[in-house]
Amino acid sequence: MEVVQHRWRLRWSFKNATIVVTLFNLIASIFLLHSFFSSSSSSKPSSVEMYIKEAEEIRRAMLPVELIKRVKEIQKEAYVEPDPVQQKDAKQTAAVDLISRLNNYRSYSDSGSVKVLEEWRKRKMERARQRELEKNGTTI
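Residues numbered from 1 in each chain as written. Predicted model: local features only at pLDDT ≥ 70, side-chain atom pairs only at ≥ 80, totals over all residues. Heavy atoms only, no water.

With that settled, consider the overall build of the protein. Within the protein, the secondary structure is distributed over six helices and zero strands. Beginning at the N terminus, the succession of helices and strands in the protein can be written as α-α-α-α-α-α. Buried positions account for 1% of the 140 residues belonging to the protein. Just so you have it, the protein exposes about 14,100 Å², and 63% of that area is on carbon and sulfur atoms. (Helix = DSSP H or I, 4+ residues; strand = E, 2+ residues; numbered from the N terminus. Buried < 20%, exposed > 50% of the residue type's maximum accessible area, 1.4 Å probe, protein only. Areas by Shrake-Rupley, 256 points an atom, 1.4 Å probe, with all protein chains shown as cover.)

Below is the structure:
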């Protein structure tokens, strides 16, 4: 029996006991770290995350939703396509107004300036014809 006890003592030396305790501590620390990191990310939010959520809720509560809806309604009401008849009347009125202004300008201006204006127009038309002829002559 002494031999069996002696073998038993050899197996459970301080060195072996230290290794077993160290392995147990290592396994326990790995388990604790795993449970700490897995629970902190999923189950309860941190204080920073709670502040962010509160700030988002406050920002959403401060949005003037009713005012935005009303502005969109007003914009839709304001954009109404004008009648084509009214557009024609407006164009005709503008054309008549422009013609009357031109006639009034010509009646107030002296005949010399009218002649100069007519000569300038003729020169301009002649230059345009020359350019057109040169353009057609070079492309053919």
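Below, the discussion takes up the pattern of salt bridges. Evaluated as defined, the whole model comprises four salt bridges. A salt bridge links Arg-70 to Glu-73, with the shortest nitrogen-to-oxygen separation between them at 3.3 Å. With Arg-70 and Glu-73 both in helix H4 (residues 65-78) and three residues apart, the pair spans about one turn of that helix. We classify Arg-70 as partly exposed; its relative accessible area is 40%. Overall, the relative accessible area of 42% leaves Glu-73 in the partly exposed class. The shortest N-O distance in the salt bridge between Glu-118 and Arg-121 comes to 3.0 Å. Taken as a pair, Glu-118 and Arg-121 lie in helix H6 (residues 111-139) at a separation of three residues, close to a single helical turn. (Salt bridge = Lys/Arg side-chain N within 4 Å of Asp/Glu carboxyl O.)

Let's shift gears to the UniProt feature "transmembrane region" (unreviewed entry) in the protein. The residues that UniProt annotates with the feature "transmembrane region" (unreviewed entry) are residues 12-37. Its end C-alpha atoms 36 Å apart, residues 12-37 is made of 92% helix and 0% strand. (UniProt positions renumbered as here; feature names shortened; annotations may be inferred.)

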